[in-house]
Amino acid sequence: MYSTRTVGLAPAFRQAALKPRHVARNPVLRNLFAKRTVQTESLPPSAEQQILNQQRLRRPSSPHFTIYQPQLTWLGSIANRITGVGLSVLLYGYALAYLVAPSTFDSTHVVEYIGSLPDAVKYAGKVILAAPFAFHSWNGLRHLSWDMGKFLTLKGAYASGYAVLAATAISTVALVLM
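All of these numbers come straight from a predicted model, not from anything done at the bench.

We now examine the overall build of the protein chain. In terms of regular secondary structure, the protein chain is built from 10 helices and 0 strands. The buried share among the 178 residues of the protein chain stands at 13%. Nonlocal contacts in the protein chain, meaning residues at least 24 apart in sequence, comprise 61% of its contacts between residues at least 6 apart.

Structure follows, in structure tokens:
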């Protein structure tokens, strides 16, 4: 029994299978076995922008959220930004409230209101204010040391990061107990 390889018929079989001549000559079969199965349509130029915007919405926001393990360096950076924004919102919010109603937000009314609160609420409020303040302050000093060229190695960055966390914990406890 001969195989198609030994007889040399493989190219002929391949050509007959891939380019059937009776399909190319017959218009009915040609339309039945159309090579293109995807239909295209012309769109106006304004639709380009809409399609592009829809494609952009389906893209992932950033691969680092899903493929990288959380590290102290970028968690500290994110926390520094969040605490900075939070403290700024509190400061500007209080300043605007004082501008709008100075008699309501003067120091005597604020002290009387806070004095009337239960101790648990006072300590919770102190922690809520002291922890971001302490972290942002210590991490700001860490960034200043980086600007001076210190602790720029990986080991130094982690050592300073853990020092900031320790100093934050100690400072928060000290500020709450004042």
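Mapping Asn139 onto the fold places it in helix H9 (residues 119-147). Discounting chain neighbours no more than four positions away, the residues touching Asn139 are Gly76, Asn80 and Val164.

Moving on, we get to the packing of helix H7 (residues 72-100) against H9. Relative orientation of the contacting elements H7 and H9 amounts to 125 degrees, with a least axis distance of 9 Å. In terms of orientation, H7 and H9 fall into the oblique class. As H7 runs across H9, the sense of the crossing is left-handed. Of the residues in H9, those touching H7 at Thr73, Gly76, Ala79, Asn80, Thr83, Gly84, Leu87 and Leu90 are Leu129, Pro132, Phe133, Phe135, His136, Asn139, Arg142 and His143. When grouped by side-chain class, the residues that make up the contact of H7 with H9 number 7 nonpolar, 8 polar and 1 charged.

Rules and cut-offs
Residues numbered from 1 in each chain as written. Predicted model: local features only at pLDDT ≥ 70, side-chain atom pairs only at ≥ 80, totals over all residues. Heavy atoms only, no water. Helix = DSSP H or I, 4+ residues; strand = E, 2+ residues; numbered from the N terminus. Buried < 20%, exposed > 50% of the residue type's maximum accessible area, 1.4 Å probe, protein only. Contact = heavy atoms within 4.5 Å. Axes fitted to C-alpha atoms, helices over the stretch in contact; angles between N-to-C directions. Parallel < 35°, antiparallel > 145°, perpendicular 65-115°, else oblique. Left-handed = near helix turned anticlockwise from the far one by under 90°. Nonpolar A, V, L, I, M, F, W, Y, C, P; charged D, E, K, R; others polar.

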